[in-house]
Amino acid sequence: MDFEILVDDHYLKIFSDTTLTPVDNKKVLSLANDFEDEKWRYEKFENFIWDNIALTALSAQEREKLTGQSRSTLRESAKNLRLTDKAGDIGQGSELAEIVLYGIMHHHYGALPVVPKIFYKQNVQDNAKGADSVHVILEGDDDFSLWFGEAKFFNSIEDARLPAVVKSVGNSLDTAKLKKENSIITNASDIDRLVANPVLAAKIKDALAAKNSIDQIKPKIHVPILLLHECSITASTKEMNDAYRESVRKYHLGRASAYFEKQIAALSGTVAKYAEIKFHIILFPIPDREKLIEQFSKEVAFHKG
């Protein structure tokens, strides 16, 4: 992972005296970019986006065909992105956040992008339907876990913004939507290309078959929730030092606690087998949301030609 990890632990270990329940199924990951010449490293962050764009914008077959052709990979990936991302658009910055999540899933969790969500959009101007990311992590030689991610890019992650995230996560766990995601996984060819063991690939597809109850796979489901967010601490900082690390760490832990409190209140009584699903909140601070979105939109237009 190119970014520094400030927190990566189980919620219960961080807040051992918490009265929230259930929290043994929750984890917190806090990441931070560094600084150079007393400035936040925009270019490093943007490179991470473009280095990982193909994971969600191209199918496994297309990625294989374009191996070693970096320019062609960028152009083909950009074709599946929105040409513009204007201020006020409902999904402003959403694709950028989705790409970042795919990159984190690949580099930090070692996950396989079995459904490249941007690639499978029905219309290039659409937002990705259902979960923002769909991954499988192989657990040894004969088991697996399913990861259905949410990716948000906000100018604030204060309390007023958190209910929308909770609602989005709750919607993604609707049984009909989970079955739809499972059908996409089993019908797409990506899983056969990414899972080298054909016996395990067949086992995954059989477990996700529509004939089976969703309740059977709830213990295998993980929900990574990326909150890419504008941060005044980061905007006012000039170097990666212990004071900055501690300030961001403290802020992120407070936001993680506030988020999980709202999620438990809203979903624990409405989502079946809620306590068996694993939730991972991923927090990443940036100094200027509009600047990143504007630069990303310009580069998308450039690569589209």
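Preceding this paragraph is the structure being described.
Residues numbered from 1 in each chain as written. Predicted model: local features only at pLDDT ≥ 70, side-chain atom pairs only at ≥ 80, totals over all residues. Heavy atoms only, no water.

Right, let's get into the sheet that holds strand 9 (residues 278-286). As summarised here, the arrangement of the seven strands in space is 1-2-9-8-7-6-5, forming an open sheet in which the pairing is mixed. What marks the edges here is a single partner per strand, and that holds for strand 1 (4-10) and strand 5 (112-115). Neighbouring strand axes in the sheet, compared pairwise and without regard to direction, differ in orientation by 25 degrees on average. Pairing analysis gives nine bridges linking strand 8 (residues 221-230) to strand 9, with the strands arranged parallel. (Pairing = 2+ DSSP bridges. Helix = DSSP H or I, 4+ residues; strand = E, 2+ residues; numbered from the N terminus. Axes fitted to C-alpha atoms, helices over the stretch in contact; angles between N-to-C directions.)

Counting 88 residues, the largest nonpolar core has Phe45 and Leu228 as the members making the most contacts within it. Element by element, the count of residues in this core is highest for helix 12 (residues 242-267), at nine residues. (Core = buried A, V, L, I, M, F, W, Y, C linked by side-chain atoms within 4.5 Å. Buried < 20%, exposed > 50% of the residue type's maximum accessible area, 1.4 Å probe, protein only.)

Summed over all chains, the structure comprises 15 salt bridges. Linking Lys44 and Asp34 is a salt bridge whose minimum nitrogen-to-oxygen distance equals 3.3 Å. Within this pair, whereas Lys44 is found in helix 2 (residues 42-52), its partner Asp34 is found in the loop between strand 2 (26-32) and strand 3 (35-36), the two being separated by 10 residues in sequence. Close ionic contact of Arg255 with Asp159 constitutes a salt bridge, the shortest N to O distance being 2.8 Å. Taken as a pair, Arg255 in helix 12 and Asp159 in the loop between strand 7 (143-154) and helix 7 (162-172) lie far apart in primary sequence, 96 residues in all. Each of Glu4, Asp242 and Arg245 takes part in a single network of salt bridges with overlapping partners. (Salt bridge = Lys/Arg side-chain N within 4 Å of Asp/Glu carboxyl O.)

Applying the stated rule across the entire model yields 13 aromatic pairs. Ring centres of Tyr109 and Trp147 lie 5.0 Å apart, and the angle between their planes is 45 degrees; this geometry places the pair in the tilted category. Of this pair, Tyr109 sits in the loop between helix 6 (94-107) and strand 5 while Trp147 is found in strand 7, placing the two residues 38 residues apart along the sequence. Ring-pair connections join several aromatic residues into one group, and the members of that group are Phe3, Trp40, Tyr42, Phe45, Phe48 and Phe284. The ring of Phe144 has Lys220 sitting right over it, with the charged end atom 4.7 Å from the ring centre. (Phe/Tyr/Trp six-rings, centres within 6.5 Å; stacked < 30°, edge-to-face > 60°. Lys NZ or Arg CZ within 6 Å of the ring centre and 35° of its normal.)

Moving on, we come to the side chain of Glu46. Mapped onto the elements of the fold, Glu46 is located in helix 2. Comment: no salt bridge for buried Glu46; closest opposite-charge side chain is Lys291, at 7.2 Å. Apart from residues no more than four positions distant in its own chain, Glu46 is found in contact with Leu292, Gln295 and Glu299. (Lys, Arg positive; Asp, Glu negative; His and termini not counted. Contact = heavy atoms within 4.5 Å.)

Before going further, it helps to examine the packing of helix 7 against helix 12. Two numbers describe how helix 7 lies on helix 12: the axes approach to 9 Å, and their chain directions differ by 50 degrees. Our classification of the angle between helix 7 and helix 12 gives oblique. Helix 7 and helix 12 meet at a crossing whose hand is right-handed. Between helix 7 and helix 12, the residues in contact are Leu162, Pro163, Val165, Val166, Val169 and Gly170 and Arg255, Ala258, Tyr259, Lys262, Gln263, Ala266 and Leu267, respectively. Counted by class, the contact of helix 7 with helix 12 contains nine nonpolar, two polar and two charged residues. (Parallel < 35°, antiparallel > 145°, perpendicular 65-115°, else oblique. Left-handed = near helix turned anticlockwise from the far one by under 90°. Nonpolar A, V, L, I, M, F, W, Y, C, P; charged D, E, K, R; others polar.)

Attention shifts here to helix 8 (residues 175-187). The end-to-end C-alpha distance of helix 8, which contains 13 residues, comes to 18 Å, matching closely the 18 Å that a straight helix rising 1.5 Å per residue would cover. Among the residues of helix 8, the N-terminal cap falls to Asp174, whose side-chain oxygen and the backbone nitrogen of Ala176 are separated by 3.1 Å. (Expected span 1.5 Å × (residues − 1). Polar contact = N/O pair within 3.5 Å; in protein donor to acceptor, adjacent residues only side chain to side chain.)

Attention now goes to the pairing of strand 2. Burial of strand 2 is extensive: six of the seven residues sit out of reach of the surface. Judged from the five bridges that link them, strand 2 and strand 9 form a sheet pairing that is parallel. Its bridge partner being in strand 9, Ser30 is matched across the sheet by Leu283.

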